[in-house]
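Analysis of the macromolecular model
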Amino acid sequence: MIELDGAAGEGGGQILRTALALSMITGQPFRIRNIRANRSKPGLMRQHLVAVQAAQQVSNAAVTGAQVGAMELDFVPGPIAAGDYAFAIGTAGSCTLVLQTIVLALLHAEQPSTVRISGGTHNAMAPPVQFLQRAYLPLLARMGAEVGIELLRHGFYPAGGGIVAASVQPCARLAPIECIERGALADAYAEAFIAGIPASVGTRELARVGTALGWEQRQLHLRGLPAEQGPGNALLLTLAYERQTEVFAAFGARGIPAETVADQALAEARSYIASGAAVGEHLADQLMLPLALAGGGRFTLSTVSRHAVTNASVIERFLPVSVRFEHGERRSTCVVKPR
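Structural notes, computed from the coordinates. (Residues numbered from 1 in each chain as written. Predicted model: local features only at pLDDT ≥ 70, side-chain atom pairs only at ≥ 80, totals over all residues. Heavy atoms only, no water.)

1. Section: the pairing of strand β1 (residues 2-5)
- Because side chains alternate across β1, one face comprises the buried residues Ile2 and Leu4, and the other comprises Glu3 and Asp5, none of which is buried.
- When β1 meets strand β2 (residues 30-33), the two strands line up parallel, connected through 4 bridges. When the sheet's bridge partners are listed, Ile2 is paired in β2 with Phe30.
- Between the parallel pair β1 and β2, the chain is carried across by helix α1 (residues 13-26), and the sense of this crossover is right-handed. (Buried < 20%, exposed > 50% of the residue type's maximum accessible area, 1.4 Å probe, protein only. Helix = DSSP H or I, 4+ residues; strand = E, 2+ residues; numbered from the N terminus. Pairing = 2+ DSSP bridges. Right-handed = clockwise from strand over helix to strand, strands pointing away.)

What follows is the structure in structure tokens.
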């Protein structure tokens, strides 16, 4: 039984999600205490509970402590089983975070699987669906994994109601890759998603982005959604380079000016652009795990966050690899290799 402290490092939900994924894949049970201890509302929230329940179903696991608010959990996995899975978060909790918990495990099933999750698709503190589609899945494809993700309905905080569907083909072994240089910029565009709120909010966000980055009108897209999918607003900036695509997001909320939302996304995008790295801060968190499962790889990243360092330490508890960060002047390099 691997013992984990949920208060270690960054102290958030990623410790639990990474542990669940690696426990299913390696067959190693774990116990985690102090779940999400560094958050304003510690313990299992609804989306974390659904991630546990999803992992439990996928691996026929024995679980104790799976309830909202729980600070401690035991997880003992069984064999990974393919299937047609459906999970309902019941709140605006993130569908993408639940999906990321089980996708890599389902690669190890003997047959193809499908997953359908309802909840939030565009939430603060979680990757939007387009991030997975445009930035994460192409990297998995380079490693040999065949995973598809479809956004069926948008879901914003606080109403939720979004629907995401995924298909996962078996992949016995991921191949190591290196992502060092991103290449020349091939395309760049901004999208403002609007549901049940005035279109002027999105127009102002796009105007701010266009002015700040010198983008033309053809690069600025207002995406109007049915009112019943709102109220909600998300701003996405997509930078497609020759070898890597990155997506930066910010989310509107009551009382926050449209220009402030745009500035949040712009700050992340500018930091990434200036770094010259292949991978941004949030994609780095996601890429470490498949590289560790592949047994090695390297990538340059714009920011070594506390989140990334914490994730690396959890990976090293389950797999015979080392995950190290070599710090440079503008960008750093993450090196994953056998231990």
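After that view, the rundown keeps rolling.
2. Considerations on the side chain of His122
- Mapped onto the secondary structure, His122 falls in the loop between β6 (113-119) and α4 (129-142).
- What makes His122 buried here is its relative accessible area of 2%.
- Polar side-chain contacts of His122 include one of 2.8 Å to the side chain of Gln130.
- Non-local contacts of His122, meaning those with residues more than four positions away in its chain, are made with Pro128, Val129, Gln130, Leu151, His154, Gly155, Phe156, Tyr157, Ala234 and Phe251. (Polar contact = N/O pair within 3.5 Å; in protein donor to acceptor, adjacent residues only side chain to side chain. Contact = heavy atoms within 4.5 Å.)

3. Side note on the state of the cysteines
- Evaluated as defined, the whole model comprises 0 disulfides.
- Counting only cysteine sulfurs, Cys179 is the nearest neighbor of Cys171, a cysteine outside any disulfide, at a range of 16 Å.
- Among the cysteines around Cys179, which has no disulfide bond, Cys334 carries the closest sulfur, lying 11 Å off.
- Judged by relative accessible area, Cys179 falls into the buried class, the value being 5%. (Disulfide = S-S within 2.5 Å.)

4. Comments concerning the environment of Ala207
- With respect to the helices, strands and loops of the structure, Ala207 is situated in helix α5 (residues 199-213).
- Separated by 25 residues in sequence, Ala207 and Gly232 have C-alpha atoms that sit 19 Å apart.

5. As for the packing of α1 against helix α3 (residues 95-106)
- The interhelical angle for the contact between α1 and α3, taken along N-to-C directions, is 20°, at an axis separation of 8 Å. Relative to α3, the element α1 lies roughly parallel. The two elements α1 and α3 cross, and the hand of that crossing is right-handed. Listed contacts from α3 to Arg17, Leu20, Ala21, Met24 and Ile25 of α1 are Leu97, Thr101, Ile102, Leu104 and Ala105.
- A per-class count over the contact of α1 with α3 returns 8 nonpolar, 1 polar and 1 charged. (Axes fitted to C-alpha atoms, helices over the stretch in contact; angles between N-to-C directions. Parallel < 35°, antiparallel > 145°, perpendicular 65-115°, else oblique. Left-handed = near helix turned anticlockwise from the far one by under 90°. Nonpolar A, V, L, I, M, F, W, Y, C, P; charged D, E, K, R; others polar.)

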